[in-house]
Every structure is written in C-alpha cells, then in structure tokens.
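These are the residues of each chain, in order.
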Amino acid sequence: MLFNSIEFIFIFLPITFALFYFSVKYTNVRIGLFVLSIASLFFYGYWNLPCLFLLIASISTNYLISKILIPKQPNKITRRIILYSGVILNLSLIGFFKYYNFFLENINYVINSDLSFKEIILPLGISFFTFQQIIYIIDSYKGKIQSTSFLEYLLYISFFPQLIAGPIVKPEQMLPQLLNYNPQTIHSEKVLNGIVYFLLGLFKKVVIADTFSMYIRKPFAVAESGVDLSFIESLYATLGYTFQIYFDFSGYCDMAIGLGFLFGVTLPTNFNSPYKAHSIINFWRNWHITLSNFLKDYIYIPLGGNRNGKIRQRVNLLITMFIGGLWHGASWTFVFWGTLHGVYLIINHTFIAILKFLHLDSIRKNFIYSTLAWIITFSSVAFAWIFFRASTFAGAMQIIKGLFSFDIKLPASIVALFPTILKPYITPVGTLTYAGNASISGLLFETALIIISFLIVFFTPNIPELSDRKKYILIIITFYLSLQKVLFCLEESEFIYFQF
C-alpha cells in the first residue's frame, strides 16, 4: 500500500486514525498502541502476505535476542557470541533476499559458470527494519536499553510511517515516546503539523517527482539502448533525475513525519535541504540523515574513524561509502555511486586540510568561495546520480557522453522562431527523446519545471518556519493539486527508496 494511493489516503489512514484516537482517548493507551501495531502489520501484509510472516519472525527473533542481552546475566564471552550471532543472522537475511542472485551473477561471470538463479521476492523495507533491529540488539548489549515489552518493541519496528523507507529510528528516539504515551500526546497543533507535512510530501511526490519521472524515463531508456544523446537531452535527463529523486525522497520523509505527528510520535528528521550544501560533507549531513548516522556509528567509527591518521581515515571513508552504495541495491552502478561519493569525501577532507595548513580556512566564509563551492557540490552530486539512475554502466556513459559532446539540438519548430540567432549554432531535429515530441510546449514545460524546482529547493521556507495561517493556505493548495493528480493519474508510482 502506497502513501500516495487512493486506498491509503481515503480508507486505511482515516480508519486507522479514528480507531487509534478513540482507543487512546476513551479506553486505554495500550489498547491504542495495540491497534496501531495491528494496523501497521496489516499495512505491510497488504503488499505481500508471506513477507508479513517474515517480518513477524524477524521481530520475534530479535526481541528474544535482546531479552537475553539486556540483563547482562551470561558471561562476557557468551553475550558477545549471542550479539555476533544476532548481527550475522540479520545480515544473512538481507544477504539472501537482496544479494543472493547478484552474488551468483558475479560468480558466473568470474569463473564462467552457469549457476541458476532463484525467484526471490525482495521484501519491502527489509534493509530499514533489519538495520533498526541491529541497532537495538547492539544497544541492548551495551546496556543502553531498558527492558521493553513486546508490544512497544513490535510498534517500534513495524510503525507503518517509517517501516518501508525509513527513517532508521534509534531506540532512544522512539521508545521513550511509546513508554510515556498518554491521551494528551495527540493534540491539535501536532495534528495540524501532521496534515501539513503529509500533504506537502504528497504534493512533492505526485505533482513534482512523478512529473519529472515521465520526462526522464525515455532518455535513460534510449541511452541504455546505445543511442547517442545530444547535450541538451543529457543535461535535462540529469537535472530531471536530480530533482526527481530530491522531491521523491523529500516527499516521503515529509509524509512519514506527518503521519508520525498524526499518531503523536515525533520521528527524527531525515532530510534537510541537502542541495543547499556547500560541500559533500554537508550534503551527507543533510541527505538521508539517519542512514548517514548509521554508517558513521556502526561502520566508519568501528573501522577506526579518524583516530589512526589521515590515510587510514580516507580508507575508512572509502570502505564506508562502498558499503553505503551496496546497501542501496544489488548492482555495481550503486556500488560505483557510493564509492564515487567516497572519493568526493576524501577530496573534500583533503582540501579542507590544505586550507587549514595554509591558514586560509577563513576563505570558506567568502561569498564567491561559497558560491563556487555550491556549484561544484551540486554538479558533483548531479553527476553521481547518473550512475544511481542508470541500469548499466553503458547507459550511464551514454548520458555522460552527451553531457560532454556539446552537440546542441533543438526541435526544428523552435529553431525556426529564431533563425538568425540559432541556426548557425543549433542543429534542428524533428524529435527529441527528452520531450517525447518536437513541440515547443513540451520543451518549455520541462524547462519551467526545472526552474521552479530550483526556486522551491533554494528559496522556500521549511515547514517549522511557517505561521499557522500559511500552514492552512498550504493545506488548501497542496490538497487540491495533489488530489487531482491522485484521483486522475492512471498509474501509482512507488517511492524510489521503496526498492532499498
């Protein structure tokens, strides 16, 4: 069930909210939490019932492991064995469902074998709910977790707003809210904020991200087939996906936070204007914040972080981002994307070290420096998204080839409007892949969409900065536009991060 589907918006969400609200207000808080847990399990099972049993088995197993680790009764060696076994069990679950066929494919390529693949359905959100449980059992081992009932643990893992695509919630960020829940937790201000966040996220997804999706689908497909693209086609495909994934993931994060507010739960911020970043370091502090924190706390720091010298720090960064890329999917294009960002981070840290060595660190506050730093950061991120979106390296290279070809082509109808200016420099063509046709309106609409996206990303305020009056106006506008798209769109699209 998708957040942007009719059955979710008009059936599941109103019924779940009504049952939960009246349970908490007029019966018992624990009954309300139980209702919310059952609704969350129904939400997950609606997509694929067998995967629901996998989720329940995973939750039950990890809860039992944590119950053994929390009291610290077994000796240190036994507790460590139990911890490692639990972590390996969770990683094995991801490894089988997500990487089994990828592993066989690479084995076949290396040794020229013909090992057969399995028909494996990837359970939605398996990386998210598994990582969250790894955090829980590690924190149980470290003594950070107090004894928690199965009901609170079940809801902590399965809470439907964050179950499928995050945020990855640490125990201390949610369990105290559940353990101290009371009828006053649901109040009008939180509900208003919840509605604003949800509708704004819905608007970002169905109105902006899905519109970009229609425009960039064809050029990437054409690139995969080996056809050369012009500079403008490649540029629009790159910028189109850069904004599609921004509004798609930002929209999901807003909707998740909004749904959390509706049920009196504050989820951690997972997205904070990352395209405004002036460095790759800051980009990763603001893009998928909870995943970045997970990679830092449970991979980068255990590897040694920056404690063993600059060279070791760079190696640790590269390994961490390699794993981060692999986490996103069983494809070498994802791995390359992650590794490329690792290289970006190494260059960023090295450059900062050079500035400090030369006593030029203050230059980073200069307007011209900041502007150039933003341009380089945004361009680097957009370039890396090509590999994230492309199915193969060959497809990615076709897009990149177009970007550096400077072969500028426009529809003949547009060239005819400005013959003196354009004809000496522009090649007129009948059909363009990025617009799907040779119409002026198609090209102008996509250009306008990119410009509007720039303006929204860089100049619109965040929700906490809005007054209540502006929130009500935002509700009316986003509800009207989003509802039109939801009701009349023939195809419901998944969020990009659902596949991870």
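Residues numbered from 1 in each chain as written. Predicted model: local features only at pLDDT ≥ 70, side-chain atom pairs only at ≥ 80, totals over all residues. Heavy atoms only, no water.

Let's talk about the overall build of the protein chain
This is how the line gets drawn: Helix and strand labels come from DSSP, where a helix needs a run of H or I of at least four residues and a strand needs a run of E of at least two; each type is numbered from the N terminus. Here the globule rule is a power law, 2.2 Å times the number of residues to the power 0.38, and the radius of gyration is based on C-alpha atoms. Summary of the burial criterion: residues with accessible area below 20% of their type's maximum are buried, those above 50% are exposed, and those between are partly exposed, where the area comes from a 1.4 Å probe applied to protein chains only. Per-residue accessibility takes into account occlusion by the displayed protein chains alone, with areas from the Shrake-Rupley method and a 1.4 Å probe. Only four residue types enter the tally: Lys and Arg on the positive side, Asp and Glu on the negative side; His and the chain ends are excluded. Charge coordinates come from a single atom per side chain, which is NZ of Lys, CZ of Arg, CG of Asp or CD of Glu.
When its secondary structure is counted, the protein chain shows 20 helices and two strands. In terms of overall size, the protein chain behaves like a compact globule, its C-alpha atoms giving a radius of gyration of 24 Å where 500 residues would be expected to give roughly 23 Å. Projected onto the principal axes, the alpha-carbon positions of the protein chain cover approximately 80 × 60 × 55 Å. In the protein chain, buried positions account for 53% of the 500 residues. Accessible area of the protein chain: about 23,500 Å², with a carbon and sulfur share of 67%. Put simply, the protein chain has 35 plus and 23 minus side-chain charges, and the middle of one group is 12 Å from the middle of the other.

Some words on the packing of helix α10 (residues 231–262) against helix α15 (residues 367–389)
Put simply, the rule is: Note on method: axes are straight lines fitted to C-alpha atoms, helices fitted across the in-contact stretch only, with angles between N-to-C directions ranging 0 to 180 degrees. Working definition: roughly parallel below 35 degrees, roughly antiparallel above 145 degrees, roughly perpendicular at 65 to 115 degrees, and oblique for all remaining angles. We call two residues in contact whenever any of their non-hydrogen atoms come within 4.5 Å of each other. Residues were grouped as follows: Ala, Val, Leu, Ile, Met, Phe, Trp, Tyr, Cys and Pro as nonpolar; Asp, Glu, Lys and Arg as charged; and all remaining residues, including Gly, as polar.
With their axes 9 Å apart at the nearest point, α10 and α15 run at an angle of 90° to one another. Comparing their axes, α15 and α10 come out roughly perpendicular. Taken together, the residues of α15 that come into contact with α10 (itself represented by T238, L239, Y241, T242, F243 and I245) are F378, A382, W385, I386, F388 and R389. Looking at the contact of α10 with α15, its residues break down into nine nonpolar, two polar and one charged.

Some thoughts on the pattern of salt bridges
How we decide: Note on definitions: salt bridges are taken to be side-chain nitrogens of Lys or Arg within 4 Å of carboxyl oxygens of Asp or Glu.
This structure, assessed with the given rule, holds seven salt bridges. The salt bridge involving D248 is made with K205; its shortest N-O contact spans 2.7 Å. In this pair, D248 is assigned in helix α10 and K205 in helix α9 (residues 188–224), connecting sequence segments 43 residues apart. Comparing D248 with K205, the two get one shared label, buried. A salt bridge links D361 to R364; the nearest nitrogen and oxygen atoms lie 3.0 Å apart.

A short note on the packing of aromatic side chains
For clarity, the cut-off: Aromatic rings from Phe, Tyr and Trp, taking only the six-membered ring of Trp, are treated as a pair when their centres fall within 6.5 Å; an angle between ring planes under 30 degrees marks them as stacked, one over 60 as edge-to-face, and anything in between as tilted. Charge-over-ring placement is defined geometrically: NZ (Lys) or CZ (Arg) within 6 Å of the ring centre, and within 35 degrees of the ring normal.
Counting across every chain of the model gives 72 aromatic pairs. Ring geometry for F20 against Y181: centres 5.9 Å apart, planes inclined by 75°, an arrangement best described as edge-to-face. Taken together, the residues span a long stretch of sequence, with F20 in helix α1 (residues 6–26) and Y181 in the loop between α8 (171–179) and α9 at a distance of 161 residues. As far as burial versus exposure is concerned, F20 and Y181 are alike and both buried. A cation sits over an aromatic face here: R389 above F220, 4.8 Å from the ring centre.

Overview of the confidence of the model for the protein chain
As a reminder, the rule being used: Known as pLDDT, the predictor's confidence for each residue is given on a scale from 0 to 100.
Confidence along the protein chain averages 87 in pLDDT terms, with 91% of residues attaining 70 or more. For the stretch residues 433–438, pLDDT sits under 50, and the model shows 22 contacts to residues farther than four places along the chain or on other chains.

A few points about the side chain of T242
Inspection of the secondary structure puts T242 in helix α10. Dropping the residues within four chain positions of it, T242 is found in contact with Y275, F378, A382 and W385.

Quick look at the environment of I94
Relative to the helices and strands, I94 is located in helix α4 (residues 76–111). On a C-alpha basis, the gap between I94 and T130 in space is 7.6 Å, while along the polypeptide they are 36 residues apart.

Quick look at the packing of helix α2 (residues 29–47) against helix α6 (residues 150–158)
Let me state the cut-off plainly: If you view the pair so one helix is near and one far, a crossing is left-handed when the near helix is turned anticlockwise from the far one by less than a right angle, and right-handed when it is turned clockwise.
Where α2 meets α6, the closest approach of the two axes is 9 Å, and the angle between their N-to-C directions is 40°. On the basis of their axis angle, the class for α2 and α6 is oblique. By crossing handedness, the relation of α2 to α6 is classed as left-handed. Taken together, the residues of α6 that come into contact with α2 (itself represented by R30, L33, F34, L36, S37, S40 and L41) are L151, E152, L154, L155 and S158. Along the lines of polarity and charge, the residues of the contact of α2 with α6 split into seven nonpolar, three polar and two charged.

Details of α2
Heads up, the rule is: Multiplying 1.5 Å by the residue count of a helix minus one yields the expected span of that helix. Counting of polar contacts relies on pairs of N or O atoms within 3.5 Å, with two restrictions inside protein: one atom must be capable of donating a hydrogen and the other of accepting it, and residues adjacent in sequence are counted only when both atoms are side-chain atoms.
For α2, with 19 residues, the first-to-last C-alpha span of 28 Å sits near the 27 Å given by 1.5 Å per residue. Buried within α2 we find V29, G32, L33, V35, L36, S37, A39, S40, L41, F43, Y44 and G45. In this structure, the buried side of α2 is in contact with α1, α3 (49–69), α5 (126–141), α6, α7 (160–163) and α8. Capping of α2 at its N-terminal end is provided by N28; its side-chain oxygen lies 2.7 Å from the backbone amide nitrogen of R30.

As for α6
Of all nine residues that make up α6, eight are buried, and the element is covered over most of its length. Against the buried residues of α6 lie α2, α3, α5, α7 and α8.

Notes on unusual backbone geometry
G166 connects to P167 through a cis peptide bond whose omega is 5°. The topology assignment puts P167 in the loop between α7 and α8. Look at H288: it is not a glycine, yet its phi comes out positive at around 45°. Take H288: it is sitting in the loop between α11 (280–286) and α12 (289–300). Among the residues examined, H288 registers a relative accessible area of 0% and is labelled buried.

Points about the side chain of R314
Locating R314 in the fold gives a position in helix α13 (residues 310–328). Of the buried charged residues, R314 lacks a salt bridge, with D361 as the closest side chain of opposite charge at 12 Å.

A word on the nonpolar core
Operational definition: For the purposes of this section, nonpolar cores are sets of buried Ala, Val, Leu, Ile, Met, Phe, Trp, Tyr and Cys residues that join through side-chain atoms within 4.5 Å.
F8, F160, Y275, W287 and W385 are the most contacted members of the largest nonpolar core, which totals 149 residues. For this core, the leading source of residues is α10, giving 19 residues. Residues within four places of Y275 in sequence aside, it is in contact with T242, F243, I245, Y246, F283, W374, F378, V381, W385, V457 and F458.

Considering a nonpolar patch on the surface
Stated formally: Patch construction takes residues with relative accessible area above 30% that form no salt bridge. Like charges are linked within 9 Å, and nonpolar side chains (Val, Leu, Ile, Met, Phe, Trp, Tyr) are linked within 5 Å.
A grouping of I311, V315, I319, F322, I323, W332, F336 and F393 is seen on the molecular surface, where their side chains present a nonpolar patch of about 710 Å² in accessible area. Those elements that place two or more of their residues in the nonpolar patch are α13 and α14 (332–357). Take the nonpolar patch: its biggest share by element is five residues, from α13. Take W332: it is sitting in helix α14. What makes W332 partly exposed here is its relative accessible area of 42%.

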